[in-house]
Amino acid sequence: MQLVRLEHGQASLADLLLCAHRIEREVNRYVTAAVQDARGVGASWDEVAQAAGVQAETARLRWSTARVQRQLRGQPVVSWRSGTDGGDGQVPDGSAGLPGHALSSALSHLHRRSGMTIGDVAREADLSAPYLSRVLAGERLPSWPVVHMLATILSGAPLEFRFLWEAARGVTLPPRRPVREAAALLRAALRGLHLAAGSPDPARLAEGAVLSPRVIREVLKGDRIPDWPLLSRLVIRLGAHPAAVRPLWEELHYAFLASHDIFPQGGVSADGTES
């Protein structure tokens, strides 16, 4: 849209090329993050290469971990109010049924667990320490590439933060994912909520809930996806509203029903088959 406005406004060639360069750079960053997300849910380099229209070795070199980290450095903050880069927007409270601090809580927990100082993380991420402190305090909502990079630096799984980030941004889910992909996203969301809650022990989570520690361990490990009554109780125990996770579970439910008669009581296994 900005490029169109510049064109209609008879901007100089230099301004048009600068705007086009910025758009190209953001598209490249989006592609990089999308590839990393796909790799996070188990996509092979052959599958990535086929989607990108390149050879597998080319894909492996183009999106190697070291190169991705360099490319995703120095991303600007995202204002949730405008949905664009820049600005000083605060993280909304209760967006998509989640407390506004869920993303920052998960990042903060991962930071404490890493043993790294804020200065160490800031230098590794090429961010300012004051800005990183505000991100961890829940005062700033960074772009997805920054979240992806921080999770990687702190030895976390970026996909586990995608749900928390999208909920903070108010992003709606695309429909009709395959069973395995929908199951992977739901499992990652639950692990993200577990991080945001401070990684409580399953035995403590089971207190007062109709869930056994064994089932909770299986869910958090990714070996089982419970049915909705059990899942909603677990989400509540993790300090979130079930409505925040309901769209993910419904998408998995829909995908499962497309190839099965009913969603079995007690849930399904991690690969989407009946447990």
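Up top is the structure these notes are about.
Since the structure is predicted, the reported quantities are computational estimates derived from the model, not experimental observations. (Residues numbered from 1 in each chain as written. Predicted model: local features only at pLDDT ≥ 70, side-chain atom pairs only at ≥ 80, totals over all residues. Heavy atoms only, no water.)

(A) Fine view of the overall build of the chain. Across its full length, the chain carries 15 helices and 4 strands. Counting only residues that meet the buried cut, the chain has 45% of its 275 residues in that class. Counting contacts in the chain only where the partners sit at least 6 residues apart, residues at least 24 apart contribute 63% of the total. Per element, the accessible surface of the chain, about 14,000 Å² overall, is 52% carbon and sulfur. (Helix = DSSP H or I, 4+ residues; strand = E, 2+ residues; numbered from the N terminus. Buried < 20%, exposed > 50% of the residue type's maximum accessible area, 1.4 Å probe, protein only. Contact = heavy atoms within 4.5 Å. Areas by Shrake-Rupley, 256 points an atom, 1.4 Å probe, with all protein chains shown as cover.)

(B) Spatial organisation of the nonpolar core. One finds Leu103, Leu150, Phe161, Phe163, Leu186, Leu193 and Leu231 to be the most contacted residues of the largest nonpolar core, which totals 62 residues. In terms of residue count, the dominant contributor to this core is helix α11 (residues 179-196) (10 residues). If we skip the residues at most four places from it in the chain, Leu231 touches Leu186, Leu190, Pro226, Val245 and Trp249. (Core = buried A, V, L, I, M, F, W, Y, C linked by side-chain atoms within 4.5 Å.)

(C) Highlighting unusual backbone geometry. A positive phi angle, near 65°, is found at Ser155, a position not held by glycine. Judged by its relative accessible area of 67%, Ser155 falls in the exposed class. Positive phi, normally seen in glycine, also occurs at Ser199, with a value near 55°. With respect to the helices and strands, the residue Ser199 is situated in the loop between α11 and α12 (202-206). Taking the relative accessible area as the measure of exposure, Ser199 reaches 25% and is therefore partly exposed.

(D) Layout of the packing of helix α10 (residues 159-169) against α11. Interaxial distance between α10 and α11 falls to 7 Å at its minimum, and their mutual angle equals 80°. By the angle between their axes, α10 is roughly perpendicular relative to α11. Along the contact surface, α10 presents Leu159, Glu160, Phe161, Phe163 and Leu164, while α11 presents Leu185, Ala188, Ala189, Arg191, Gly192, Leu193 and Leu195. Split into classes, the residues belonging to the contact of α10 with α11 amount to 9 nonpolar, 1 polar and 2 charged. (Axes fitted to C-alpha atoms, helices over the stretch in contact; angles between N-to-C directions. Parallel < 35°, antiparallel > 145°, perpendicular 65-115°, else oblique. Nonpolar A, V, L, I, M, F, W, Y, C, P; charged D, E, K, R; others polar.)

(E) Quick peek at helix α14 (residues 228-237). Among all positions of α14, only Trp228, Leu230, Leu231, Ser232, Leu234 and Val235 are buried. Packed against the buried residues of α14 are α11, α12, α13 (213-221) and α15 (242-257). A side-chain oxygen of the first residue of α14 lies 3.3 Å from the backbone nitrogen of Leu230; this N-cap is Asp227. Looking one or two residues beyond α14, the residue adopting positive phi is Gly239, at roughly 85°. (Polar contact = N/O pair within 3.5 Å; in protein donor to acceptor, adjacent residues only side chain to side chain.)

(F) Representation of the packing of aromatic side chains. The full count for this structure, using the stated rule, is 2 aromatic pairs. Each ring, one from Trp144 and one from Trp165, has its centre 5.9 Å from the other, and the planes form 45°; the classification is tilted. Remark: Trp165 occurs in helix α10 and Trp144 occurs in helix α9 (residues 144-153); sequence separation between them is 21 residues. According to the relative accessible area criterion, Trp144 is buried, its value standing at 4%. The interplanar angle of 50° and the centroid separation of 5.7 Å between the aromatic rings of Trp228 and Trp249 together place this pair among those described as tilted. Of this pair, Trp228 sits in helix α14 while Trp249 sits in helix α15, placing them 21 residues apart in sequence. (Phe/Tyr/Trp six-rings, centres within 6.5 Å; stacked < 30°, edge-to-face > 60°.)

(G) Seen up close, the packing of helix α7 (residues 118-125) against α9. Running from N to C, α7 and α9 point in directions that differ by 125°, and their axes come no closer than 10 Å. Relative to α9, α7 is oriented oblique. You can see that α7 and α9 cross each other, and the crossing is right-handed. In contact with Val121, Glu124 and Ala125 of α7, α9 contributes Met149, Leu150 and Ile153. Considered class by class, the residues forming the contact of α7 with α9 number 5 nonpolar, no polar and 1 charged. (Left-handed = near helix turned anticlockwise from the far one by under 90°.)

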